[in-house]
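Spelled out from the first residue to the last, the chains are:
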Amino acid sequence: MEKNVGTIDKSLRIIAGIVMLSLVFVGPQSPWGWIGVVPLLTALIGWCPAYKLVGLSTCAKCKS
């Protein structure tokens, strides 16, 4: 798996993931907040399957 998620993208995904996960415990307490696991995991592993499908990469070091 070649990394395709850059630094800024990782930061935004981590923030979005934490915000979405917080919806499970605080505020509307919606189970839809568990969707926040997806951006959080893609940020932590540095690879996004959707980016792979469309041939996109935000990782400057990984581009050839």
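Sequence order as written defines the numbering, with residues in each chain counted from 1. With the structure being a predicted model, the display of local features is reserved for residues of pLDDT at least 70 and the display and counting of side-chain atom pairs for 80 or more, all residues being used for whole-chain, interface and lining totals. Side-chain measures were taken over the full set of non-hydrogen atoms in the model, leaving aside hydrogen atoms and water.

A. Broad picture of helix α1 (residues 7–25). For helices the rule is a DSSP run of H or I covering at least 4 residues; for strands it is a run of E covering at least 2, with both sets numbered from the N terminus onward. Working rule for helices: expected span equals 1.5 Å times residues minus one. Its 19 residues place the ends of α1 28 Å apart at the C-alpha level, agreeing with the 27 Å of an ideal helix rising 1.5 Å per residue. Regarding α1, the residues found buried are Asp 9, Arg 13, Gly 17, Leu 21 and Val 24. All buried residues of α1 lie within an arc of 90 degrees about the axis, which places them on one face of the element. Facing away from the buried surface of α1 by more than 90 degrees, the exposed residues are Thr 7, Ile 8, Leu 12, Ile 15 and Phe 25. Those residues of α1 that are buried lie in contact with α2 (37–45) and α3 (49–54). Gly 27, located one to two residues past α1, shows a positive phi value of around 75 degrees. Think of it in three bands: with a 1.4 Å probe and only protein chains considered, a residue is buried below 20% of the maximum accessible area for its type, exposed above 50%, and partly exposed in between. Regarding the arc, it is the one traced by the directions from the helix axis to the C-beta atoms. Whether two residues are in contact is decided by their heavy atoms: any pair within 4.5 Å suffices.

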